[in-house]
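Residues per chain are reported as follows:
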Amino acid sequence: MNLDFGIIAVVWPALLKGSLVTVQLTLAVLICATPLAVLVALGRDSKIPALRLPLAVFSAVLRGIPPLLVLFIVFFGLPPAGITLDPFPSAVLAMTCYMAFYFGEVFRGGLQSVPPDQWRAAEALGLKPSRTVVRIILPQTLPAVLPPYISHATEVLKGTALATAVAVPELTSAARQVFVVTFRPFEVLIVAALIYAVLDGILLTLQYWGERWAARTGTSIRF
Amino acid sequence: MTSATDPNKKPVAASDDASGAGPMVAVRNLRKEFGSLVAVEDVSLDVNAGEVFAIIGASGSGKSTILKCINFLEPPTAGEIWVDGRRVGVVETGGRLRPARASELRRSRADIGMVFQSFNLFPHFTALQNVIEAPMAVRGLSRSDAIGLAKELLDRVGLGDKFDEHPRRLSGGQQQRVAIARALAMRPKVMLMDEVTSALDPELVEEVLGVMKNLARDGMTMLVVTHEMAFARDVADSVVFVDGGRVVEQGPPSEILRAPQEVRTKAFLQRILRTDG
Amino acid sequence: MRTDLLAEYWPTIWNGFLITVLLSFVVLAVSTPIAFFLALARQSQLAVLRWPAGIYVNVFRALPVLIILYFAFYALPQFGMSLTAFQAATAGLVIASSAYLAEDIRAGLAAVDPGQRHAATALGIPYWRSLRRIYLPQAIPIALPPYITRAIIIVKGTALASLVAVNDLTAEAVRAISITYRPYEFLAVAAILYLVINALLAALQSFTERHIALRYGRVAAGPAAVAQ
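Residues numbered from 1 in each chain as written. Chains lettered and ligands numbered in written order. Predicted model: local features only at pLDDT ≥ 70, side-chain atom pairs only at ≥ 80, totals over all residues. Heavy atoms only, no water.

What follows deals with the interface of chain C and chain A. Taken together, the contacts link 30 residues of chain C with 39 residues of chain A. Both faces considered, chain C and chain A share a buried interface measuring about 2,900 Å² in area, 78% of it formed by carbon and sulfur atoms. The tally of links between chain C and chain A comes to zero salt bridges. Elements represented by at least two residues in the side of chain C that touches chain A include exactly helix H2 (47-62), helix H3 (65-75), helix H6 (127-157), helix H7 (169-180) and helix H8 (183-216) of chain C. No other element matches H8(C), which puts eight residues into the side of chain C that touches chain A. (Contact = heavy atoms within 4.5 Å. Buried area = accessible area lost by both parts, 1.4 Å probe. Salt bridge = Lys/Arg side-chain N within 4 Å of Asp/Glu carboxyl O. Helix = DSSP H or I, 4+ residues; strand = E, 2+ residues; numbered from the N terminus.)

Next comes the structure, spelled out in structure tokens:
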């Protein structure tokens, strides 16, 4: 069968629109999951069992089931409980819960890389725990956290394709709608794949810079 | 906390009318356990205002734990800590004692400066940022006031040209002097110095001891855990020898270091003076 | 809790579970050798092997797995290749999984001290023999824990097959929900069944880690220990 990439001239507005939703979804999940992940990381190594144990259970469960199932849990599970969300926010909610624990592990590793004496020094100066975390501890985790953070961010980007299952009009969903009508799945999917590759490339470029920065500061940040 | 039920709860030496009458730091019957290990047992000390108080002893003798109990970095198992006539870690409300809240503990700690063996500077901050952080956050100083204070203090420890250096660009001795300036910036009533020269290369020890001598001359109250016998001899007003978590012997350096009465003190001094060469 | 509904739908759910297990098994069984050769090719001195393998691994890891499944399910028929839903899902998942597994295996191979290969070469041991006798026994203990971590991700990824008409566990759960309007029962059952598979894999992982730690000592500690 001969290929007809001329079809792209017709369908590109739909794909572009889908790409924008993909970018919005990725950013929304990153913005929501990142602060939550810091709390998860602090909570998972907390001295308080009432905080630590439920988080450990949540983490084990969320990491043992498919992300698609988490999406369905939010999508099908909330309305009977009286909470009705549009597809986009429910996808954000599901992916945020899922990713908060993945990012949480990243931050946890970062927190463990900071010498415990830094907490003590801040404590001895009389700094509040919240200020200690924000000003003293988190900045020091950056070299250890940045590279895995960005590689997880690419997982978020690729993971947004799942939102097609709950009718979010993101790129994969847009591609499907277009090729179902045009009967040109290969051409349309190639273009969608290229768009994903470009978006990935942006994140990987950030990772490359981040890793160079971490290599520069990381080795010398210890005393 | 056992002290809460202790009938003898009034400050033994630190009087309520304060104003220099009692000791600046009073430790009463301090006990600290780590699990089943008793690290500190029945330690009582009085440190007067302006005094330099040296704590000596072998490593693992519990001397650093005593310091950490004074600012509650390690909450004592039992006993009382008084700084400038105020109880640390315990608050009296309506005639009853209760453990201090975190915020109350932070207020107490702000009056107690601490310098660590391993400096513990914040590596992502410059020397100046290390010094201004706590005065701004805890004392509520404006940024410009904090910077003025920090510059003055860094000058005082001989680092007037290193404001914008990050710790990794400073020698160990310079880092430790920044750490001293950082503690001083809180205008503490007492300084706790925990083996502050032990992690330094030998040639860098003097510059830190010099800063400490100046502090002593300026009248700063200091509790100094140290292996530097010459410093204890020349600068300290009182020396206490700690072994097995207990105070073995206490007195002016001329007595403790020159003519110790206890066998264990003699053995310790012989050992350390020999290794010092 | 409507246990009667659960009982009614249990046969289809169980069927879906078996399909999920089968799909996971087939995908892992086919991906692993492909990934192994991709990893070797990426280490090869021959550019004709190294380059295509590098492109394969990096391209397929850059795409959402769902897009790859759509290629297999929707685009292949365009070229006259008609696969069943299960075959298309298997093909798509194998392509994606082998790319990821190749990277994990490559990291394991790279963690073996290069001096080992030099020593084998200097002794005149042929390539395939040195690979089998010298290299792999050292690389497998290092690569096994990340391999199982990836296997868990692959098992979870099989849920995507439900989006290309495979009647796997997720698909059957969703179907039961849309008929009965009882989401909690069926979501919980599906979640528990996935957790069972992955708990077994996690147990296998900690068993191998302990076994390896005992048998290989510091080798199993990973690249850092080996590099010293």
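Moving on: the packing of H3(C) against helix H4 (residues 85-110) of chain C. Residue and element names in this part refer to chain C. The contact between H3 and H4 brings their axes to 8 Å, and the two run at 135 degrees. Here H3 lies oblique to H4, going by the angle between them. Here H3 and H4 pass one another in a crossing that is right-handed. Contacts between H3 and H4 pair Val65, Ile68, Leu69, Ala72 and Phe73 from the former with Ala85, Ala88, Ala89, Ala91, Gly92, Leu93, Ile95 and Ala96 from the latter. Taken together, the residues of the contact of H3 with H4 sort by class into 12 nonpolar, one polar and no charged. (Axes fitted to C-alpha atoms, helices over the stretch in contact; angles between N-to-C directions. Parallel < 35°, antiparallel > 145°, perpendicular 65-115°, else oblique. Left-handed = near helix turned anticlockwise from the far one by under 90°. Nonpolar A, V, L, I, M, F, W, Y, C, P; charged D, E, K, R; others polar.)

Moving on, we come to unusual backbone geometry. All names here are of chain B. Of note, the phi angle at Asp42 is positive, near 50 degrees, even though the residue is not glycine. Tracing the chain through its elements places Asp42 in strand S2 (residues 37-47). A positive phi angle, close to 65 degrees, is found at Phe119, a residue other than glycine. Tracing the sequence through the fold places Phe119 in the loop between strand S8 (112-115) and helix H3 (127-137).

On to the pattern of salt bridges. One pass over the full model with this rule turns up 32 salt bridges over all chains. A:Arg131 serves as the salt-bridge partner of B:Glu133, at 2.7 Å between the closest nitrogen and oxygen. Taken together, the residues span two chains, with B:Glu133 in helix H3 and A:Arg131 in helix H6 (residues 129-159). Between B:Glu207 and B:Arg177 there is a salt bridge, with the nearest N and O atoms lying 2.8 Å from each other. Placement of the pair is B:Glu207 in helix H6 (residues 202-217) and B:Arg177 in helix H5 (residues 172-184), with a sequence separation of 30 residues. On the basis of relative accessibility, which here comes to 10%, the residue B:Arg177 falls in the buried class. Several salt bridges converge on common partners, so that one network encompasses A:Arg44, A:Asp45, A:Glu105 and A:Arg108. (Buried < 20%, exposed > 50% of the residue type's maximum accessible area, 1.4 Å probe, protein only.)

By size, the foremost hydrophobic cluster in this structure holds 168 residues, and its most contacted members are A:Phe103, B:Val25, B:Ile55, B:Ile70 and B:Leu223. If near-sequence neighbours (up to four positions away) are discounted, B:Ile55 is found in contact with B:Lys63, B:Ile66, B:Leu67, B:Leu223, B:Val224, B:Val225, B:Thr226, B:Val240 and B:Val242. Of all hydrophobic cores here, the second largest spans 55 residues; its members include B:Phe119, B:Leu184, B:Val208 and B:Ala236. (Core = buried A, V, L, I, M, F, W, Y, C linked by side-chain atoms within 4.5 Å.)

A separate point is the arrangement of the chains. Sorting the two pairs of chains in contact by contact count puts chains A and C at the top. Taking C-alpha atoms as the reference, chain B and chain C come no closer than 25 Å and do not contact one another.

This part takes up the interface of chain B and chain A. Facing 24 residues of chain B, the contacting portion of chain A comprises 20 residues. Among the residues of chain B in contact with chain A, B:Arg106, B:Phe122 and B:His124 are the three that bury the most area, contributing 24% of the side total. The interface formed by chain B and chain A contains four salt bridges. When the shortest N-O distance is used, the salt bridge between A:Arg120 and B:Glu74 registers 2.9 Å. Among the secondary structure elements, those contributing two or more residues to the side of chain B that touches chain A are helix H2 (102-110), S8, H3 and H5 of chain B.

The next thing to look at is the pairing of strand S3 (residues 52-56) of chain B. All names here are of chain B. Of all five residues making up S3, five are buried, and the element is well covered by its neighbours. Taking every second residue as pointing to the same face, both faces of S3 are buried, with Val52, Ala54 and Ile56 on one and Phe53 and Ile55 on the other. Here S3 pairs with strand S10 (residues 221-225) via four bridges, running parallel. Bridged to Ala54 within S10 is Val224. The pairing of S3 with strand S11 (residues 238-243) spans four bridges and is classified as parallel. The residue bridging Ala54 from the neighbouring strand is Val239, located in S11. (Pairing = 2+ DSSP bridges.)

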